[in-house]
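In case you want the letters, here they are:
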Amino acid sequence: MATDFWASSHYKRWIVDRATLKESRSDDLQYVDDPEYLDFFAIFFANVITKLGKKLNFRQRVIATAIVFFRRFYIKNSYCETDPFIVIAACCYVAGKAEESPVHIKNMVAEARLFFSHQPYGVKYFPSDNSKLAEMEFYLVADLECDLTVFHPYRTLLSICKKESSNDLQTEAGEVGVGVDDGPWYWGSGDGQLELPDDAFQLAWSIINDTYRSDLCLLYPPHLLAITALYLAVVLHGPTRELLQQQSHSVEATPIHSSPRRSSRQSSSTSLGHAKKPSQDFVAFFAELNTSMPLIATIAQEIISMYTLWERYLEDSDLVDSAKSAFYGHTQAQPGMSHSGVSTPVENLDDAQRPHGATPTFLLQVLTRMRENRLSDMAHASSGRAVAVNKMLERTQAAG
């Protein structure tokens, strides 16, 4: 892996703007009644990849890479013209190779076929032929332009919070664009690092996991997502938030006056006898970062908006490595959800029955309807000539 994020293909080709993302969904927008469904798709497919990755015993980094590959693929493709489930299997297969956790193609096909056949997905058409997944791998790598290097916020989070050895810290310094030997660390002098309790650190880690349920990994460099996760963790973690409030009150209550002069001998003896490590100043730490705090606040608002949308996504069970509960401490009864908190299938929905949120069953119905309408439009072109009905067939025809 390249050690300099700013010189990598990730930064040069795969950090996009919102106009590019909007253009990538232009075909899909013609076949959905509400554009918000596409945002629900982002959560739905990220959850599917996460669950399949856990079935394959993937590390979190491999799962995150697979989600990034999926997002990158659909910058150039549409949901209505492809089969997202074969794309998901290909993304997991390629991510395993890229992150040195390979899975044999036979095992990948068998696990994906079994997993997608269960409810709520109920996919009966997933191919059992290994060559189909190998073919999809070819098209995936082609659309990714062979750029399989993905930088994630996890190492940056570990570096800031003193959770790695010095060797790992030096290796990861280039990820934020500044070498150890030619400049200061991106969080300031490099001497001061944030010290968080383990549960607060786990909260920040979970927030990073949750950012992959949106397009933030395509919009911002990973170190900004890591800093934003820390920023939210400090605010949301109870004991850390109380310490932050105490520091704020102490600064406001401390009068500004000149202290009496003391001899150097007296001060040195006092410091040796009563040396006590002061609590870390979180406000000063974030203020000294070599980043734009207004931008961090903007990203934080986008993460909160993602959680607001996710709260309306009704699924049978929540993932244990999510920070969603930190934002919503209680569960309210919602359409399509029982009082026990377990969502119920919503089938045959018309305009009057659509929930305020979305369920996997409902989203699969929307996806099926999108693909059928798109197929109908492409098969009955204005010229009367049948055209390719999917990207794979279109490229095969163009090549041959």
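Heads up: the structure comes first, above all this text.
Asker: Can you lay out the overall build of the protein chain for me, pointing to particular residues and giving the numbers?
Answerer: The helix and strand inventory of the protein chain stands at 20 helices and zero strands. Long-range pairs, those at least 24 residues apart, make up 77% of the contacts in the protein chain between residues at least 6 apart in sequence. Summed over all atoms, the accessible surface of the protein chain reaches about 20,300 Å², with 52% contributed by carbon and sulfur.

Asker: Explain the packing of aromatic side chains residue by residue, including any values.
Answerer: Taken as a whole and assessed by the stated rule, the structure comprises 26 aromatic pairs. Considering the side-chain rings of F5 and W6, the 5.0 Å spacing of their centres and the 70° angle between planes classify their relative orientation as edge-to-face. Pairing W6 with Y11 gives two aromatic rings, centres 4.6 Å apart and planes at 85°, and the pair type is edge-to-face.

Asker: Tell me about the side chain of S101, and name the residues and values.
Answerer: Tracing the sequence through the fold places S101 in the loop between α6 (84-98) and α7 (105-117). You can call S101 buried: its relative accessible area is 19%. Setting aside anything within four residues of it in sequence, one finds S101 in contact with F58, R59, V62 and G96.

Asker: Can you explain the environment of I303? Please cite residues and give values.
Answerer: Mapped onto the secondary structure, I303 falls in helix α17 (residues 293-311). Residue contacts for I303: discarding those within four places in its chain leaves I207, T211, L216, T228 and L232.

Asker: Pulling in residues and values, what's your account of the environment of G53?
Answerer: Mapping G53 onto the fold places it in helix α4 (residues 36-55). Given a relative accessible area of 0%, G53 falls into the buried group. C-alpha of G53 to C-alpha of A112: the two residues are 59 residues apart in sequence and 9.7 Å apart in space.

Asker: An account of the packing of helix α5 (residues 60-76) against α6 is requested, with residue identities and associated values reported.
Answerer: Running from N to C, α5 and α6 point in directions that differ by 130°, and their axes come no closer than 8 Å. Here α5 is positioned oblique relative to α6, judged by the angle of their axes. Viewed along their axes, α5 and α6 form a crossing whose handedness is right-handed. In contact with V62, T65, A66, F69, F70, F73 and Y74 of α5, α6 contributes P84, V87, I88, C91, C92, V94, A95, G96 and A98. The residue inventory of the contact of α5 with α6, partitioned by class, reads 14 nonpolar, two polar and no charged.

Asker: Account for helix α9 (residues 153-160), naming residues and giving values.
Answerer: The element α9 is extensively covered by neighbouring structure, given that seven of its eight residues are classed as buried. Positive phi shows up at K162, right after α9, with a value of about 55°.

Asker: Which residues make up the packing of α4 against helix α19 (residues 360-379), and what are the values?
Answerer: Between α4 and α19, the shortest axis-to-axis distance is 11 Å and the interhelical angle comes to 115°. Considering only the axes of α4 and α19, their crossing is left-handed. Within the contact between the two elements, α4 uses Y37, F40, F41, F44 and F45 and α19 uses P360, F362, L363, L364, V366, L367 and M370. A class-by-class count of the residues in the contact of α4 with α19 yields twelve nonpolar, no polar and no charged.

Asker: Which residues make up the pattern of salt bridges, and what values go with them?
Answerer: Taken as a whole and assessed by the stated rule, the structure comprises 14 salt bridges. In this structure, the salt-bridge partner of D147 is R13, at a minimum N-O distance of 2.7 Å. With a gap of 134 residues between them, D147 in the loop between α8 (130-143) and α9 and R13 in helix α1 (residues 9-14) connect regions that are remote in the sequence. Residue classification places D147 among the buried residues on the basis of a relative accessible area of 7%. Put simply, K97 and E137 hold a salt bridge, and the shortest N to O gap is 2.8 Å.

Asker: Outline α7, supporting the account with residue identities and numerical values.
Answerer: Look at α7: 18 Å from first C-alpha to last across 13 residues, which is about the 18 Å you get at 1.5 Å a residue. What α7 keeps buried is the set I105, M108, V109, A112, F115 and F116. Seen from one end, α7 has its buried residues packed into an arc of 145°, which puts them on one side.

Asker: Got a sec to walk through unusual backbone geometry? Specific residues and values, please.
Answerer: Looking along the chain, the bond that leaves Q119 and enters P120 is cis, with omega of 10°. With respect to the helices, strands and loops of the structure, P120 is situated in the loop between α7 and α8. At E145, a residue that is not glycine, the phi angle is positive and equals roughly 55°. With respect to the element layout, E145 can be found in the loop between α8 and α9. On the accessibility criterion, E145 (39% relative accessible area) is partly exposed.

Parameters at a glance
- Residues numbered from 1 in each chain as written.
- Predicted model: local features only at pLDDT ≥ 70, side-chain atom pairs only at ≥ 80, totals over all residues.
- Heavy atoms only, no water.
- Helix = DSSP H or I, 4+ residues; strand = E, 2+ residues; numbered from the N terminus.
- Contact = heavy atoms within 4.5 Å.
- Areas by Shrake-Rupley, 256 points an atom, 1.4 Å probe, with all protein chains shown as cover.
- Phe/Tyr/Trp six-rings, centres within 6.5 Å; stacked < 30°, edge-to-face > 60°.
- Buried < 20%, exposed > 50% of the residue type's maximum accessible area, 1.4 Å probe, protein only.
- Axes fitted to C-alpha atoms, helices over the stretch in contact; angles between N-to-C directions.
- Parallel < 35°, antiparallel > 145°, perpendicular 65-115°, else oblique.
- Left-handed = near helix turned anticlockwise from the far one by under 90°.
- Nonpolar A, V, L, I, M, F, W, Y, C, P; charged D, E, K, R; others polar.
- Salt bridge = Lys/Arg side-chain N within 4 Å of Asp/Glu carboxyl O.
- Expected span 1.5 Å × (residues − 1).
- Arc of directions from axis to C-beta.

Remember, this is a structural readout, not a statement about activity or role.
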